[in-house]
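# Overview (structure and organization)
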Amino acid sequence: MTAAFQVWLTNIIVFGLAYWELDRGGPVSRTQAPRADLPLADFRFSQDENDDAVQEVADGSSVKSDWVPTLMDYLYVSVTNSTAFSPTDTMPLSTRAKLMMSVQSVAALMTSLLVIARAVSILH
């Protein structure tokens, strides 16, 4: 069981780091270049769309607060993709982001299935 948890956690960390490096030219580009100069986004975060929401939500939007995703945001994407086997609030936009999220979902599903199969075989 510990080994399965380690595999699952490694999956989350590796893909979170990969998403962080992949999106819009990487973390250095996202923090150093103006948004207009960045490559097209690989992921759609809710902060990029909620500038017209209620005031307390809109204040945290990328338009009003100059929000940019951090490593924690990409780790969150990785956790939700690994547990739900699909995107939740952050959508993949590019083909490469969709492919990576698909690979991560399948890997997480296979890990879960192997743990379940092992648990069932122990019961018999």
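Report on the accompanying structure. (Residues numbered from 1 in each chain as written. Predicted model: local features only at pLDDT ≥ 70, side-chain atom pairs only at ≥ 80, totals over all residues. Heavy atoms only, no water.)

### Here we look at the side chain of Ser105
The condition is simple: Secondary structure elements are defined from DSSP: runs of H or I of at least 4 residues count as helices, runs of E of at least 2 residues count as strands, and each element is numbered from the N terminus. Any pair of residues with heavy atoms lying within 4.5 Å of one another is described as a contacting pair.
When you line up the elements, Ser105 lands in helix α6 (residues 95–123). When near neighbours in sequence (up to four residues on either side) are disregarded, Ser105 contacts Asn81, Phe85 and Ser86.

### Considerations on the side chain of Arg24
The line we're drawing: Three exposure classes are used, based on accessible area relative to the maximum for each residue type with a 1.4 Å probe and protein chains only: buried under 20%, partly exposed in between, and exposed over 50%. Neither His nor the chain ends is counted toward charge; the positive residues are Lys and Arg and the negative residues Asp and Glu. We define a salt bridge as a contact between a side-chain nitrogen of Lys or Arg and a carboxyl oxygen of Asp or Glu at a distance within 4 Å.
Along the chain, the position of Arg24 falls in the loop between α1 (2–22) and α2 (27–32). Summary of buried charges: Arg24 has no salt-bridge partner, and the nearest side chain of opposite charge, Asp23, is 5.4 Å away. When sequence neighbours within four positions are dropped, the list of residues in contact with Arg24 reads Ser29, Arg30, Arg35, Leu38, Pro39, Leu40, Ala41 and Asp42.

### Topic: the packing of helix α5 (residues 71–84) against α6
Rules: Lines fitted to the C-alpha atoms define the axes, with helices restricted to the stretch that makes contact. Angles between their N-to-C directions range from 0 to 180 degrees. An angle below 35 degrees is treated as roughly parallel, one above 145 as roughly antiparallel, one from 65 to 115 as roughly perpendicular, and anything else as oblique. Handedness of a helix crossing follows the sense of rotation of the near helix relative to the far helix, less than a right angle counterclockwise being left-handed and clockwise being right-handed. In this classification, the charged set is Asp, Glu, Lys and Arg, the nonpolar set is Ala, Val, Leu, Ile, Met, Phe, Trp, Tyr, Cys and Pro, and all remaining amino acids, among them Gly, are polar.
With their axes 8 Å apart at the nearest point, α5 and α6 run at an angle of 50° to one another. In terms of orientation, α5 and α6 fall into the oblique class. For the pair α5 and α6, the sense of crossing is right-handed. The residues of α6 that touch α5, namely those facing Val77, Ser78, Asn81 and Ser82, are Met101, Gln104, Ser105 and Ala108. Of the residues contributing to the contact of α5 with α6, the split by class is 3 nonpolar, 5 polar and no charged.

### Describing a nonpolar patch on the surface
Rules: Every patch collects residues that have over 30% relative accessible area and no salt bridge, joining them within 9 Å if they carry like charges and within 5 Å if they are nonpolar side chains (Val, Leu, Ile, Met, Phe, Trp, Tyr). A 1.4 Å probe and the Shrake-Rupley method give the accessible areas. Residues count as covered only by the protein chains that appear here.
A surface patch of nonpolar side chains, about 600 Å² in accessible area, is lined by Phe85, Val106, Leu109, Met110, Leu113, Ile116 and Val120. Mapped onto the elements of the fold, Leu109 is located in helix α6.

### Thoughts on the pattern of salt bridges
As a working rule, side chains carrying opposite charge can pair if their charged atoms are close by. Summed over the entire model, instances satisfying the criterion amount to 3 salt bridges. Where Arg35 meets Asp48, a salt bridge forms, and the shortest distance between an N and an O atom there is 2.8 Å. One end of the pair, Arg35, is in the loop between α2 and β1 (43–44); the other, Asp48, is in the loop between β1 and α3 (55–58), with 13 residues separating them in the sequence. Judged by its relative accessible area of 28%, Arg35 is partly exposed. Asp48 sits in the partly exposed class, given a relative accessible area of 28%. Ionic pairing is found between Arg96 and Asp42, a salt bridge with its closest N-O pair at 3.0 Å. A residue pair is termed long-range when its members are at least 10 positions apart, and Arg96 in helix α6 and Asp42 in the loop between α2 and β1 qualify at 54 residues.

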